[in-house]
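# Observations on chain architecture
Here is how the chains run, residue by residue.
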Protein chains: 2
Amino acid sequence: MSNKIKLGVVGYGNLGQGAVKAIKATDDLELVAVFTRRDPETLGIDEPGVQAVHIDEASDYQKAIDVMLLCGGSATDLPEQTPHFASMFNTVDSYDTHAKIPEFYQSVNEVAANHHTTAIISVGWDPGLFSINRVMADAILSNGENYSFWGKGLSQGHSDAVRRVNGVKNGVQYTIPSEEAIEQVRSGVNPELSTSEKHRRVCYIVPQEDADKSAIEHEIKTMPNYFADYDTEVNFISEEELERDHAKAPHGGFVIRSGKTGKDNNQLYEFSLTLDSNPEFTSSVLVAYARAAHRMSQEKQFGAKTVYDVAPGYISPRSAEELRKDYL
Amino acid sequence: MSNKIKLGVVGYGNLGQGAVKAIKATDDLELVAVFTRRDPETLGIDEPGVQAVHIDEASDYQKAIDVMLLCGGSATDLPEQTPHFASMFNTVDSYDTHAKIPEFYQSVNEVAANHHTTAIISVGWDPGLFSINRVMADAILSNGENYSFWGKGLSQGHSDAVRRVNGVKNGVQYTIPSEEAIEQVRSGVNPELSTSEKHRRVCYIVPQEDADKSAIEHEIKTMPNYFADYDTEVNFISEEELERDHAKAPHGGFVIRSGKTGKDNNQLYEFSLTLDSNPEFTSSVLVAYARAAHRMSQEKQFGAKTVYDVAPGYISPRSAEELRKDYL
């Protein structure tokens, strides 16, 4: 028997696939199985030695798995799956419907507390690492303002919207933080900025043959909610260019707190991510927090937890002694 | 009686003065007294209502103070003061002699565990916030490299060194991260970089009348250990310019981890600080961690702790409910 922490992955979409790769990149974690609602035979896992199992058989794995990584979506999967799995396993999920987190927390906490499991919810980078930095910066610089910027990031919702425009064959949309707004924040003036003032939108559109490009551009730029309030740029490209240059799912962003201490000293706190692959990074965060779920469960810290409840050392593969000696 | 957490400050140098200001900027913390080895009458605290007390009387304050902030230096003060005060109080200190941290931890842990106090050691930004980010980035991106850059920062040791040069009347030295090195790291190539390749040094020198400037410049640039290995820039200015433009103690820096996930996706994790006042920021971090020392002590988490043992929510003035609702 190895001493590795034994993990299961539920769901094999972008996030589940990223989790399988992230687990393989570690020395202290071991993947036992991927659980799926599909026919396991058809899952086509391209990692050697990873078995696929139907989700209904997960309960047979309670002894074999230390932590279950829940890689479903927030809209319909996780509100059902997290309470279900938290009754049998320690879990980590990436629930990201910000407005419903308190309700989700309640429902998971009740199950996890009753069944003596540790369920870390809403893990990833936002919610997740960005949340940690918003809170730490706020705690340290009492007198200041937090700013979150997102991007450069491929937005699925906005890409869908431009593809519905008349004359558009294909297209993608990137949300990009406004350099001007970032500079303003960094300067320490603590401006009031709406989401549309903090970001601009850049579209790459493949037009249908003979389409009226100026009509497309106009329709996109005036689309209410999605684009009308934003500084929007529309570029026309070929299908080949779209495939070549826009196939990845990059994302990232900044959390910045600008604060004052003493008489009039500006103090700037920044956290940023620049990600080639949003799902692979998110699942790497989930995988790291599996260590924390395992350790907190061993310490009988049961119930629902968020990143705010997890000490940084708990997500590391290294011992407390090594961290103090080599990383402090 | 207020519900505020009651703090004492030991030492009234730059850090202690910063701590007094940082406590005043909060709503949930209250300063009981500043403790000093000097004659308390002569301390000249310029904050209304703050009393100065001789350090020998600190033991009388065990009931009145929840957490003692130790604002002495790492060379001689803290190795004595932290074990001494940890026998009576929960403490937070900024011990920053990296090589001796394991030894310091041992000596403090023994006292704090025996006396049922919580002693959070080595708090600040490096060690401290930078340490947290080095460990979290390493835990999340298994396949990657960490880089720490310091500056733009006023270096006391290097400023002293230039002031000893023949013909120099006054001067300061800034350590500045090399933009070229940062760009290389951000590009994802994971270069091997020595400290001198990551930083350059910029000096502002007030020459004595009739001094040989080129001799000064040569002596500085060839000074072993301090400057010889670095890209060094020497600027000559007037005493007035020195006073006007170089009176603050700015500092800061970056922690960057560049890692890969999946097939070949670059993922860049960055944390940075740009500080007008290094001591005021450091003491603001100490003050925030006082909340954690108090809470962990109430939960009977006794002994020496580092930032790796402290969950982010513990340093916040806000409740867990508020954090989940508004910050996650």
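All residue numbers here refer to positions counted from 1 along the written sequence of the relevant chain. The lettering of chains begins at A and the numbering of ligands begins at 1, in the order of writing. This being a predicted model, a pLDDT of at least 70 is required before a residue's local features are given, and a value of 80 or more before pairs of side-chain atoms are given or counted; all residues contribute to the totals for chains, interfaces and linings. Note: side-chain values were computed over all heavy atoms of the structure, leaving out hydrogens and water.

## Quick look at helix α4 (residues 129-140) of chain B
Residue and element names in this part refer to chain B. The helix count covers DSSP runs of H or I at least four residues long, the strand count covers runs of E at least two residues long, and both are numbered beginning at the N terminus. A helix is expected to reach a length of 1.5 Å times the quantity of its residues less one. Here α4 contains twelve residues, and its C-alpha end-to-end distance of 17 Å stays within 8% of the 16 Å for a straight helix at 1.5 Å per residue. In terms of residue burial, α4 counts as a mostly covered element, since twelve of its twelve residues are buried. Taken together, the buried positions of α4 are occupied by Leu129, Phe130, Ser131, Ile132, Asn133, Arg134, Val135, Met136, Ala137, Asp138, Ala139 and Ile140. Per-residue accessibility, obtained with a 1.4 Å probe over protein chains only, is compared with the maximum for each type, and a residue is labelled buried under 20%, exposed over 50%, and partly exposed between these values.

## Concerning unusual backbone geometry
Geometrically, the link from Asp126(A) to Pro127(A) is a cis peptide bond, its omega value of 5° lying close to zero. Along the chain, Gly151(A) connects to Lys152(A) via a cis peptide bond; the corresponding omega equals 0°. One non-glycine residue, Ser122(A), lies in positive phi territory at about 60°. Among the structural elements, Ser122(A) can be located in the loop between β6 (118-120) and α4 (129-140). Despite not being glycine, Asn225(B) has its phi angle at roughly 65°, a positive value. With relative accessibility at 68%, the residue Asn225(B) sits in the exposed group.

## With respect to the interface of chain A and chain B
Contacts between the two partners involve 64 residues from chain A and, on the opposite side, 64 residues from chain B. Buried surface area refers to the total accessible area, computed with a probe of radius 1.4 Å, that the two partners give up upon joining, counted for both partners together. Between chain A and chain B, roughly 5,500 Å² of surface is buried when both sides are summed, and carbon and sulfur atoms account for 61% of that area. Counting the surface chain A buries against chain B, the share from its top three residues, Tyr308(A), Arg324(A) and Leu328(A), is 15%. Every case where a carboxyl oxygen of Asp or Glu lies within 4 Å of a side-chain nitrogen of Lys or Arg is listed as a salt bridge. For the pair chain A and chain B, the number of links is two salt bridges. As a salt-bridge pair, Asp138(B) and Arg318(A) come within 2.8 Å of each other at their nearest N and O atoms. Under the rule applied, a polar contact is a pair of N or O atoms within 3.5 Å (in protein, one hydrogen donor and one hydrogen acceptor; residues adjacent in sequence only if both atoms are side-chain atoms). Applying the counting criterion to the chain A and chain B interface returns 36 residue pairs in polar contact (both at pLDDT 80 or more). Sorting the residues of the side of chain A that touches chain B by element identifies α3 (101-115), α4, β13 (265-275), α10 (278-298) and α11 (320-327) of chain A as the ones contributing at least two each. As a working rule, the residues Ala, Val, Leu, Ile, Met, Phe, Trp, Tyr, Cys and Pro are called nonpolar, Asp, Glu, Lys and Arg charged, and the rest polar, with Gly in that last group. Per-class residue counts for the side of chain A that touches chain B are 31 nonpolar, 19 polar and 14 charged. Paired strands, as defined in this entry, are two strands with at least two bridges between them according to DSSP. Here nine bridges tie β13(A) to strand β13 (residues 265-275) of chain B, and the two strands are oriented antiparallel to one another. The contact criterion used throughout is that any non-hydrogen atoms of two residues lie within 4.5 Å.

## Section: empty space enclosed by the protein
Only protein atoms enter the calculation, which uses a 1 Å grid: trapped sets of points that fit a 1.4 Å probe without letting it out are cavities, open sets showing protein on both sides within 12 Å along at least five of seven lines are pockets, and any residue with an atom within 4 Å of a point is a lining residue. Grid points are joined across faces, edges and corners, and a volume is the space filled by probe spheres set on the points. Scanning the model with the defined rule gives one cavity of 30 Å³ or more in all. Considering only enclosed or pocket space, the largest cavity measures out at about 60 Å³ in volume. What lines the largest cavity is simply Ile132(A), Asn133(A), Met136(A), Tyr269(A), Leu129(B), Ile132(B), Asn133(B), Met136(B), Tyr269(B) and Phe271(B). Secondary structure elements with two or more residues in the lining of the largest cavity: α4 of chain A together with α4 and β13 of chain B. No other element matches α4(B), which puts four residues into the lining of the largest cavity. Taken together, the residues that form the lining of the largest cavity break down as eight nonpolar, two polar and no charged.

## A look at the UniProt feature "domain: Meso-diaminopimelate D-dehydrogenase C-terminal" (unreviewed entry) in chain A
Per the UniProt annotation, the sites labelled "domain: Meso-diaminopimelate D-dehydrogenase C-terminal" (unreviewed entry) are residues 124-277 of chain A. The span residues 124-277 of chain A is 31% helical and 36% strand by assignment, and the distance between its end C-alpha atoms comes to 13 Å. UniProt positions are given in the numbering used here, feature names are shortened, and annotations may be inferred rather than shown by experiment.

## Section: the sheet that holds strand β7 (residues 144-150) of chain A
Strands sit in the order β7(A)-β12(A)-β13(A)-β13(B)-β12(B)-β7(B) across an open sheet of six strands; the sheet is antiparallel. Strands at the two margins of the open sheet, each flanked by one partner only, are β7 of chain A together with β7 (144-150) of chain B. Each strand axis lies, on average, 10° off the axis of its neighbour in the sheet, ignoring direction. Inter-axis angles, ranging from 0 to 180 degrees, are taken between N-to-C directions of lines fitted to C-alpha atoms, where helices are fitted over the stretch in contact. Seen against the sheet, α10(A) touches β12 (251-261) and β13 of chain A together with β12 (251-261) and β13 of chain B and runs at an angle of roughly 70° to β13(B). Where α4(B) meets the sheet, its contacts fall on β13 of chain A together with β7, β12 and β13 of chain B, and the angle it forms with β13(B) comes to roughly 175°.

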